[in-house]
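# Understanding the architecture of this molecule
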Amino acid sequence: MKKYQIIALFLFVISLSAQQKIDRKALVNRHNVQITAIDTLASLTVGNGAFAFTVDATGLQTFPKTYQNGIPLGTESEWGWDSYKNTENFKFSETLKDYQQYGRNISYTVQIKEPKRKVDAINWFRQNPHLVQLGNLGFEILKKDGSQAKPSDIKSISQKLNLWTGEIESYFEVEGIPVTVLTASHQEKDAIGVKVKSDLLQQKRLKISLRIPFPTGDWADFGTKYEGTQNYTSTLKQKSKTEAVVTHVMDSISYNVDLMWKGNAQIKKAGDHYFVVEASNTNTLELSCLFALAANKTENSSFETIQNSSIKGWEQFWLSGAAVDFSGSTDPRAKELERRVILSQYLTKVQCTGKVPPQETGLTYNSWYGKPHLEMHWWHGVHFALWNRSELLEKSLPWYQKVFDKAKNIAKRQGFEGARWQKMTDPDGNESPSSVGSFLIWQQPHFITYADLIYRAKPTAATLKLYSERVFATADFMASFANYDAKNDRYVLGPGVIPAQERFKAMETFNPTYELTYWNWALKTAISWKHGLNQNVPEKWEKVLAKLSKLPVSGDVYLATESATDSYTNPEFKTDHPSVLGTFGMLPETSLLDKKIMKNTFDLVWKTWSWDKTWGWDFPMTAMSAARLNMPEKAIDALFMNVTTNTYLKNGHNYQAERLTLYLPGNGGLLTAVAMMCAGWDGTTEENPGFPKDGTWKVQSEGFQKMF
């Protein structure tokens, strides 16, 4: 071939490659969220992963009580924890109850019904600490007659979440007068910037208010409790003509709300925890609002700086990692899947990329008092590694070092080795009493999963050294928790265990299928880490691995647990998470698995499960299992199962029920499933193995990492 022909061919290949590269900006922007009415389930959020600010149709938090039963208008940061004063001097030991397990007493922190003193102690430790709503920043809007505008007075609404820049552009009218609002969040500080234009400002009929609510101390906190018996203080200090700071002092936390504006405006105190910024002789107001611990010396930023931070940060995010484009597909579900994927990336970046594992409702409103559940961290974080953004998962892993000693103390208290990772916990790694959570074990191998995913992204000796201590302590607990059954010459998990499918009684349950498989995979992985560091493998690990119980089978299907021979005949056992599918979905093929039996199990679960009694991550988990079983059509069907808990709202949130209007494990699960369906897993060679090959799906993907 002549030289010029070789050059021409090379240039053609380069050109073809460039043509095939996904236009990420176009991909993202076609799913910008558009809102045209007051819709309490369509609240929009800006944030930076450790801080989030959720707004209504006005672009601020103007009508928090109207929205509280939808997607609430929250302002939360991962540092914002408070504890009520322990006036009764409750001791954590009062929450413990001994159970006979493995022939000895083992203490668990659980919920009980009496005596009253212990019940009160348990409730106090469940309730404290609690994540607090830092403040409502909203508009005060006056009508011509001097009355306060209501949601029904907000007309001609046109609001857009610009996903590429992380900005919310809002337009509305009050009595025919337009208001435009631009809202953005700083990507490195807990600061909101807002720019308002309206003649209502000049008429002193449009003001910005800051109200600091009391914490409810309840399971949920929507940030709408404005009265309380606690002796809290909010002190206003004017720093200059254009800046003031409000210092809010609570039981165990004090924080500042720094307000800085551009334009003629004044701030005044309107109530105990209530402040108003009023413009003068201008129709434009720029305001920035910074939330920070009082002890921290954090400087506020101008609106322009906050806006630029948002634009730059979000562009970097969207240009990083993986992307998938379904345009050109003829399956009518493709456009909706692409929308869910884009919005789920946005929401998990905003709500789940801090230094502490997030709660299930992220930084919007409290569920379970704001406390993270470590078994859910898998769904919050694994997808980041598969989308080639492992650094976002890795941000939360130092937290496991912070709470490491407490995890080791739990294991020691119970007579086990290593570290027993917490379930329902708080930012300092304390246990929360729970009659279910204290007996869960499927969060235990998660740390090995995270560490191994990071090692796959950065396969260096430094990675092994960084995480090995926690990986090995995790495995030490797993090996010591497995109980030797001399009669059958095997190791057993339980009794004294509740599986991921939380339908089984702790002291009657043993050998759940998914957990057995996870024990097998995680111990093998820990052993491979020992080999990678040229260290001796503990004999106990090898013994447990060699004699771990076989997966329980009845007929030609896997049981949920060996102790539940009625796994598929007892109606109660066909509800909640069908975690048996995680055996070959969340997990790869192991030496315990028979794929024919797994296929039979999948088919039975698919046909007979009570899908209306499941959770948002169950559908992605089912899709992952279907993909591994070479059933791509079923994988798509699972992602689009017509069940309430598989609902994705206009803003991308995974709706569960009135009690739980958003559920981020569902979004993270969707991203995990789609990543696997695109890139596959170890051993796959075909492109996009989780998508049908009948021509109805055109899948262009780039940048994904394989799952194990």
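Residues numbered from 1 in each chain as written. Predicted model: local features only at pLDDT ≥ 70, side-chain atom pairs only at ≥ 80, totals over all residues. Heavy atoms only, no water.

From N to C terminus, the chain includes 19 helices and 28 strands. The dimensions of the chain, computed from C-alpha atoms along their principal axes, are 85 × 85 × 50 Å. Per-residue burial for the chain yields a buried fraction of 62% across its 708 residues. Element-wise, carbon and sulfur atoms account for 49% of the exposed surface of the chain, whose accessible area totals about 27200 Å². Side chains of the chain give 80 positive and 74 negative charges; the mean places of these two sets differ by 2 Å. (Helix = DSSP H or I, 4+ residues; strand = E, 2+ residues; numbered from the N terminus. Buried < 20%, exposed > 50% of the residue type's maximum accessible area, 1.4 Å probe, protein only. Areas by Shrake-Rupley, 256 points an atom, 1.4 Å probe, with all protein chains shown as cover. Lys, Arg positive; Asp, Glu negative; His and termini not counted. Charge placed at Lys NZ, Arg CZ, Asp CG, Glu CD.)

Position of Val 46 among the secondary structure elements: in strand β2 (residues 44-47). Take Val 46: its relative accessible area is 1%, and that puts it in the buried class. Along the chain, Val 46 and Asp 426 lie 380 residues apart, while their C-alpha atoms are 24 Å from each other.

Direction of pairing for strand β15 (residues 233-240) relative to strand β16 (residues 243-249): antiparallel, over a ladder of seven bridges. The partner of Leu 236 across the bridge, within β16, is Val 246. Between β15 and β16, which pair antiparallel in sequence order, lie two residues. (Pairing = 2+ DSSP bridges.)

What follows is about the side chain of Lys 207. With respect to the secondary-structure elements, Lys 207 resides in strand β14 (residues 206-211). Residue classification places Lys 207 among the buried positions, given a relative accessible area of 15%. In terms of polar contacts, Lys 207 uses its side chain to reach the side chain of Glu 278, at 3.0 Å. Other than its neighbours up to four places away in sequence, Lys 207 contacts Gly 138, Phe 139, Glu 140, Val 276, Val 277 and Glu 278. (Polar contact = N/O pair within 3.5 Å; in protein donor to acceptor, adjacent residues only side chain to side chain. Contact = heavy atoms within 4.5 Å.)

Next up on the list: the packing of aromatic side chains. Enumeration according to the criterion identifies 47 aromatic pairs in this entry. Their ring planes at 80° and their centres at 5.2 Å tell us that Tyr 400 and Trp 421 sit as a pair that is edge-to-face. Within this pair, whereas Tyr 400 is found in helix α10 (residues 398-402), its partner Trp 421 is found in the loop between α11 (404-413) and α12 (446-457), the two being separated by 21 residues in sequence. On the basis of an interplanar angle of 40° and a centroid distance of 5.5 Å, the ring pair of Trp 442 and Trp 617 is categorised as tilted. Of this pair, Trp 442 sits in the loop between α11 and α12 while Trp 617 sits in the loop between α16 (595-608) and α17 (618-628), and the two are 175 residues apart along the sequence. When its relative accessible area of 0% is taken as the criterion, Trp 617 is described as buried. By the ring-pair criterion, three or more aromatic residues cluster together here, those being Trp 378, Trp 379, Trp 442, Tyr 514, Tyr 518, Trp 521, Trp 617 and Phe 708. Arg 389 extends its terminal NZ or CZ atom over the ring of Phe 317, reaching a point 4.0 Å from the ring centre. It is Lys 530 that lies over the ring of Phe 472; its NZ or CZ is 4.1 Å from the centre. (Phe/Tyr/Trp six-rings, centres within 6.5 Å; stacked < 30°, edge-to-face > 60°. Lys NZ or Arg CZ within 6 Å of the ring centre and 35° of its normal.)

It is worth spelling out the sheet that holds β2 at this point. Pairing is antiparallel across the open sheet formed by three strands, whose spatial order is β2-β3-β4. Looking at the sheet topology across the chains shown, the edges are occupied by β2 and β4 (75-77). Averaged over neighbouring strand pairs, the angle between their axes works out to 20° when direction is ignored. Examined bridge by bridge, strand β3 (residues 51-55) and β4 share three bridges and lie antiparallel to one another. When the sheet's bridge partners are listed, Phe 53 is paired in β4 with Thr 75. Helix α7 (residues 334-351) rests against β2 and β3 of the sheet, and its axis sits at about 50° to β2. (Axes fitted to C-alpha atoms, helices over the stretch in contact; angles between N-to-C directions.)

The N-to-C vectors of α12 and helix α14 (residues 513-532) enclose an angle of 45°; their axes lie 10 Å apart at closest approach. Taken together, the axes of α12 and α14 lie oblique to each other. As for how α12 packs across α14, the hand of that crossing is left-handed. Packed against α12, whose contacting residues are His 446, Ile 448, Thr 449, Ala 451, Asp 452 and Tyr 455, the element α14 presents Tyr 514, Tyr 518, Trp 521, Ala 522, Thr 525, Ala 526 and Trp 529 at the interface. (Parallel < 35°, antiparallel > 145°, perpendicular 65-115°, else oblique. Left-handed = near helix turned anticlockwise from the far one by under 90°.)

Another point: the pattern of salt bridges. Throughout the structure, instances matching the rule amount to 31 salt bridges. With its nearest N and O atoms 2.8 Å apart, the salt bridge here joins Arg 333 to Asp 637. Residue Arg 333 is found in the loop between β21 (323-325) and α7, and its partner Asp 637 is found in helix α18 (residues 632-639); the two are separated by 304 residues along the sequence. Given the relative accessible area of 30%, Asp 637 is considered partly exposed. With a closest N to O distance of 3.5 Å, Lys 693 and Glu 686 form a salt bridge. Here Glu 686 falls in the partly exposed class, since its relative accessible area comes to 39%. In the salt-bridge network here, residues are joined through shared partners; they are Arg 30, Asp 325 and Glu 338. (Salt bridge = Lys/Arg side-chain N within 4 Å of Asp/Glu carboxyl O.)

Right, let's get into the sheet that holds strand β18 (residues 265-271). Taken in spatial order, the four strands of this open sheet run β9-β14-β19-β18, and their pairing is antiparallel. One side of each edge strand has no neighbouring strand; the edge strands of this open sheet are β9 (136-141) and β18. The mean inter-strand angle of the sheet, taken between neighbouring strand axes irrespective of direction, is 25°. Bridge count for β18 against strand β19 (residues 274-279) is six bridges, and the pairing is antiparallel. Note that in β19 the partner of Ile 267 across the bridge is Val 277.

Attention now moves to the nonpolar core. By size, the foremost hydrophobic cluster in this structure holds 218 residues, and its most contacted members are Ile 208 and Leu 337. Those residues within four positions of Ile 208 in sequence are excluded, and the remaining contacts are Leu 60, Leu 137, Gly 138, Phe 139, Val 194, Val 196, Phe 275, Val 276, Val 277, Leu 285 and Leu 287. (Core = buried A, V, L, I, M, F, W, Y, C linked by side-chain atoms within 4.5 Å.)

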